[in-house]
Amino acid sequence: MLKQKITLKHIAKELEVSISTVSKALKNSEEISRDTKEKIQAFAKLYNYKPNNIAISLKNKRTKNIGVVIPDIVHHFFTTVVRGIEKFANTKGYNVIVCLSDESFDKEVINMEMLANGSIDGFIMSLSSETQYKDDYNHLKEVTEQGIPLVLFDRVTNQVDCDRIIIDDQMGAYMATKKLIDEGRKKIALITTKNYLSVSKARTEGYMKALRDNNMEINSELILKMSSMNMEEELFKTFFDNTEVDAVLSVNEIFAISGMRYIKQKGKRIPEDISFIGFTDGLLSKYANPSLTAIAQHGEKMGEMAAEMLIQKVESENDEETYKTKILEPTLIERDSTIN
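Our subject in this report is the structure included herewith. Along every chain, residues carry numbers that run from 1 in the direction the sequence is written. The predicted origin of the model limits local features to residues at a pLDDT of at least 70 and limits the giving and counting of side-chain atom pairs to 80 or more, whereas totals for whole chains, interfaces and linings rest on all residues. Hydrogen atoms and water are omitted, and side-chain values are computed over all heavy atoms in the structure.

### Concerning the sheet that holds strand β7 (residues 223–226)
Move 1: The strand order β7-β6-β8-β9-β10-β12 describes an open sheet built from six strands, whose pairing is mixed. Each edge of the open sheet is held by one strand with a lone partner, namely β7 and β12 (331–333). Sheet twist, expressed as the mean angle between neighbouring strand axes with direction ignored, is 20°.
Move 2: In short, DSSP must find at least two bridges between two strands for them to pair. Going along the chain from the N terminus, every DSSP run of H or I of four or more residues is numbered as a helix, and every run of E of two or more is numbered as a strand. Pairing of strand β8 (residues 247–250) with strand β9 (residues 275–280), which is carried by four bridges, proceeds in the parallel orientation. Counterpart to Val 248 in the pairing with β9 is Phe 276. Here, axes are lines fitted to C-alpha atoms. For helices the fit covers the stretch in contact, and angles between N-to-C directions go from 0 to 180 degrees.

See below:
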């Protein structure tokens, strides 16, 4: 009979012990009774258990390093999250190793394997757009099934057992759209990405809900969906050349500021003719001309909370597998790109 590849989680479940007990028993730890150790080791041998390279880090527990994997560094939001992670981690004596997936599934997997090879105690990460597009989270499951703590932030999935921290993206988009409706705007465009990105999906839902709640029709021609969070100039120009709009909500500040620049080139005035709101509230929003009204995502706070959640898991003596999702409230920061 073929034996499936088994993990620490399988052994723990079968023998009704915790993952960390299995991990310690396989390392011959003195903390585990001889009987339990022998039982676990025999079971592991019978099923030909082999730790995969992601699990090797369990041999050197407590490296005092945290691995952080982010999709890119262009968007100010990810920079602020990393700052928050560093701030909290350093107070607890942890170092932070940051890797870039560059929105690539393969790079995300390689980064995780490299870091988990004995270098770190746990992961904090935001999923690459390609990972969410492929809907393939096996590399994350492999990590969590070997007992390595993982906290996902911003772009998350429900398909992996782990802690998560997000802002209420739907609420943020709802607040922004409502602000534009209250200004008397009738043709509110949404510049977003395709729905496979969890944040874009939630923001699109918030935009639509605000329109519905205010008895405004949802016009698909007013929704521009980019293939990723990166600018596609031609798509962008075609949209603004052929679509009549009087307000724009963008899922990131780069889309919003590019939109403002193009609209100004066409001789339109902001906010008199067209209002703009973008997500993130980074440096670009503050120093744009005009300055951009934005949904603050509280990246630094998110980073601090993610680091706190992870370090708690790393240092916890409690073997219970409980996971929580924390949801931060967004804030609307009003500036000159809307009528205040």
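We are not done yet, so read on.
### So, the packing of helix α1 (residues 8–15) against helix α3 (residues 34–46)
When two helices pack together, their arrangement is given by the angle between the helix axes and the distance between those axes.
Move 1: Across the interface, α1 lies against α3 with an axial gap of 11 Å and an inter-helix angle of 125°. When the axis of α1 is compared with that of α3, the two are oblique. The element α1 and its partner α3 pack so that their crossing is right-handed. Along the contact surface, α1 presents Ile 11, Glu 14 and Leu 15, while α3 presents Lys 39, Ile 40, Phe 43 and Ala 44.
Move 2: Ten residue types, Ala, Val, Leu, Ile, Met, Phe, Trp, Tyr, Cys and Pro, are classed as nonpolar, four, Asp, Glu, Lys and Arg, as charged, and the remainder, Gly among them, as polar. Its residues assigned to classes, the contact of α1 with α3 comprises five nonpolar, no polar and two charged. An angle below 35 degrees is treated as roughly parallel, one above 145 as roughly antiparallel, one from 65 to 115 as roughly perpendicular, and anything else as oblique. By convention the crossing between two helices is left-handed if the near helix lies anticlockwise of the far one by an angle smaller than a right angle, and right-handed if it lies clockwise. The contact criterion used is simple: two residues touch if any of their non-hydrogen atoms lie within 4.5 Å.

### Examining the pairing of β9
Move 1: The buried fraction of β9 is high, at six of six residues.
Move 2: In this view, the connection linking β8 to its parallel neighbour β9 by way of helix α11 (residues 253–265) has right-handed handedness.
Move 3: Inspection of the sheet shows β9 paired to strand β10 (residues 293–296) by four bridges, in the parallel sense. Residue pairing for β10: Phe 279 is matched across the bridge by Ile 295. Buried, partly exposed and exposed residues are distinguished by accessible area as a fraction of the type maximum, computed with a 1.4 Å probe on protein chains only: under 20%, between the cut-offs, and over 50%, respectively. If the strands point away from the viewer and the path from the first strand over the helix to the second runs clockwise, then the crossover is right-handed.

### Thoughts on α3
Move 1: Helix span is expected to be 1.5 Å times the residue number reduced by one. Its 13 residues give α3 an end-to-end C-alpha distance of 18 Å, which sits within 8% of 18 Å, the value for a rise of 1.5 Å per residue.
Move 2: Those residues of α3 that fall on the buried side of the exposure criterion are Lys 37, Ile 40, Phe 43 and Ala 44. Taken around the axis of α3, the buried residues stretch over an arc of 140°, which confines them to a single face. Residues of α3 that are exposed and angled more than 90 degrees away from the buried face: Arg 34, Asp 35, Lys 45 and Leu 46.
Move 3: Considering only its buried residues, α3 is in contact with α1 and α2 (19–26).
Move 4: Backbone geometry just after α3 places Asn 48 at a positive phi near 55°. To be clear, the arc concerns the directions from the helix axis to the C-beta atoms.

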